[in-house]
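Tertiary structure, described
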Amino acid sequence: MFRRFKRHLKEGILGVFRHAGLSFSSISAVMITLLLISLFLIITTNLQKVSEKIEGSLKISVLVKYENESEADLKRIREEISKIYGVVNITHHTKEEEYQYYIDTYFEEQKELFKSYEDSNPFHESFMVEIQDARMLEEISVHILGIEGVFDTNYGGVSSRKLVEILNNIRIIGLALVISLCSLAIYLVYNTIKITISARADEIWIMRNVGARNGYVTAPFLVEGVIIGIIGSLIPVLLTIFGYIYLYKQTEGYIISELFSLIQPLPYVIELSLILVGTGILVGFVGSFLSVNKYLRLRR
Amino acid sequence: MIKIENVSKVYKNGTHALNNINLFIKSGEFVYITGSTGSGKSTLIKLLNGEEIPTKGLVEVNKVNVGILKHNKVPLYRRNIGVVFQDYRLLKSKTVYENVAYALEVVDKKPEEIISRVREVLKLVGLNDKANSFPDQLSGGQQQRVAIARAIANKPKILIADEPTGNLDPKMSDEIITLLEKINIEEKTTILMVTHDFIIVKKRPKRTISLEQGHITRDMIFKGVKNV
């Protein structure tokens, strides 16, 4: 068993070096593919984290009509909102609180100018409605607008929804790119193995004629494909580990603001590395498997 | 041992390679198979080797119905059949010893078993002293001996020699036939030898099966003694 494994490993390694040029092109293709996969994964997982943060704090501001500011009306509106599916929490803000918040936030310097508005406060009684999922924002907002006594609804979610949409687009484009690159890498491995098979045609003929099992004949080629995959994943793994740790240190874990915080390097880079090596092995194996099946199994 | 009943082989391109042939070869026989190009000799070998399956009829070798043999069983079946070709098909980068040992290594024989069997067959084919030579350092006859040694290394019950003397001069051809006869007797191996060379057939008379356009036209021992 061990003797056989050693033989397959030796033949596989020899195969890689027998056609160094071709192997190099396959390894390069695997390498580029994995580098892009790594980049894609780093961007999407970090954006995912940001979008989760935003989604987690999605709120709708509900303004109540002036004529419905009675205790009874406010209670009724609150109850009706709370019945809507997807509503997690409702906080009431009085018009005085809103006025004060507005003044404090925007006109710190000219507070006196707004003193005159204290008696005729133009703000509405309002509710801050927290919801479960960003995708429900519009639906819930429309629903709330239908409640008697509701003047208007606002949600700052438009921009965050856009972010979610952008993230989805990045995912789709990235996935398409990764699939295309994986296919190209598989195709190059496929061709490398095809050449190895033709170079070893005599040995294959002898093996078949003296009754070597199919597995024995095919194993060295599969090993060769896997070795190409592993070698191809080395540089992307190193760049991912050291590059990400460097980026994290340089940015101190934040990009632009606290909202855009990066994922902690450990165990994140290790997980990414395992994905990269696994993908490399898979690409190499699939490429050689397809080649072996096409060129070795044609005949009985 | 080899039973061929009503066998026909039609290839996908419509070529009728064999037409309803019947044949029985006993264990331990030495048989010549003759015929011109396209007569069906190669197809017959491929059917016996399990490389092709008959379109119709039964191909039975050592009680194994080759036509219904599953794909994964073919390698094991082939261990009972050795094949030698006109062009030797030796691995040029390996020595004589390694060429023969290779046939045993790939069927997972133990190292000690390989050493003793390789020595045994090299002695049998008379190439003990050439064990460390490379194929290019040998004459055509010697290379064919290596190919024969490799083919019988796994002790097959049948040895198919496809034009083994095709590239050799009469003297070397004679030596190869002598060797095949020796294997036939000493190893009790059934030998099927495909040949165009009627000088050999007449000089060393044995059962001769002639094929023409997919039919068996003659099955006899030369000197006019009819066998079937």
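For the structure itself, look to the data block above.
It should be emphasised that the depicted structure is a prediction, and the values quoted were computed from it without experimental measurement.

Cut-offs applied
Residues numbered from 1 in each chain as written. Chains lettered and ligands numbered in written order. Predicted model: local features only at pLDDT ≥ 70, side-chain atom pairs only at ≥ 80, totals over all residues. Helix = DSSP H or I, 4+ residues; strand = E, 2+ residues; numbered from the N terminus. Buried ≥ 20, exposed ≤ 12 C-beta atoms within 10 Å, placed from the backbone. Contact = placed C-beta atoms within 7 Å. Pairing = 2+ DSSP bridges. Axes fitted to C-alpha atoms, helices over the stretch in contact; angles between N-to-C directions. Parallel < 35°, antiparallel > 145°, perpendicular 65-115°, else oblique. Left-handed = near helix turned anticlockwise from the far one by under 90°.

So, on to the overall build of chain A. On a plain count of helices and strands, chain A comes out with nine helices and six strands. Taking all 300 residues of chain A together, the buried fraction comes to 28%. Long-range contacts, defined here as pairs at least 24 residues apart, represent 86% of the contacts in chain A between residues at least 6 apart.

This paragraph deals with the pairing of strand β1 (residues 59–64) of chain A. Residues and elements named next belong to chain A. Where burial is concerned, the two faces of β1 differ: the one with Ile60, Val62 and Val64 is buried and the one with Lys59, Ser61 and Leu63 is not. Here five bridges tie β1 to strand β3 (residues 126–131), and the two strands are oriented antiparallel to one another. Its bridge partner lying in β3, Ser61 is registered against Met128.

Residue and element names in this part refer to chain B. Running from amino to carboxyl end, helix α3 (residues 96–105) crosses helix α4 (residues 111–124) at an angle of 125 degrees, the nearest separation of the two axes being 10 Å. The angle between α3 and α4 falls in the class oblique. The handedness of the crossing between α3 and α4 is right-handed. Along the contact surface, α3 presents Tyr97, Val100, Ala101, Leu104 and Glu105, while α4 presents Ile114, Arg117, Val118, Val121 and Leu122.

Another point: the sheet that holds β1(A). Think of a sheet as strands paired side by side through backbone hydrogen bonds, with each pair either parallel or antiparallel. Residue and element names in this part refer to chain A. Reading across the sheet, the four strands line up as β2-β3-β1-β4 and stay open at both edges, with antiparallel pairing between neighbours. Looking at which strands have only one partner, the edges of the open sheet turn out to be β2 (87–93) and β4 (150–155). Each strand axis lies, on average, 20 degrees off the axis of its neighbour in the sheet, ignoring direction. Judged from the five bridges that link them, β1 and β4 form a sheet pairing that is antiparallel. Following the sheet pairing, Ile60 is matched in β4 by Tyr155. Strands β1, β2, β3 and β4 of the sheet are contacted by helix α3 (residues 71–82), whose axis makes an angle of about 160 degrees with β2.

Residue and element names in this part refer to chain B. As summarised here, the arrangement of the four strands in space is β2-β1-β4-β5, forming an open sheet in which the pairing is antiparallel. Because the sheet does not close on itself, it has two edges, and the strands there are β2 (16–25) and β5 (64–65). Where strand β1 (residues 2–10) lies against β2, six bridges are found, and the strand directions are antiparallel. Looking at the pairing, Val10 lines up with His16 of β2. Helix-sheet contacts for helix α1 (residues 41–49) involve β1, β2 and β4 (56–61), and the interaxial angle to β1 is about 120 degrees.

This paragraph deals with the environment of Gly232(A). Residue and element names in this part refer to chain A. Secondary-structure assignment places Gly232 in helix α8 (residues 214–251). Assessed through the 30 C-beta atoms surrounding it within 10 Å, Gly232 is described here as buried. In this structure the C-alpha to C-alpha distance between Gly232 and Ala29, which are 203 residues apart in sequence, comes to 7.7 Å. Excluding anything up to four places from it in sequence, Gly232 contacts Ile27, Val30, Met31, Leu34 and Gly280.

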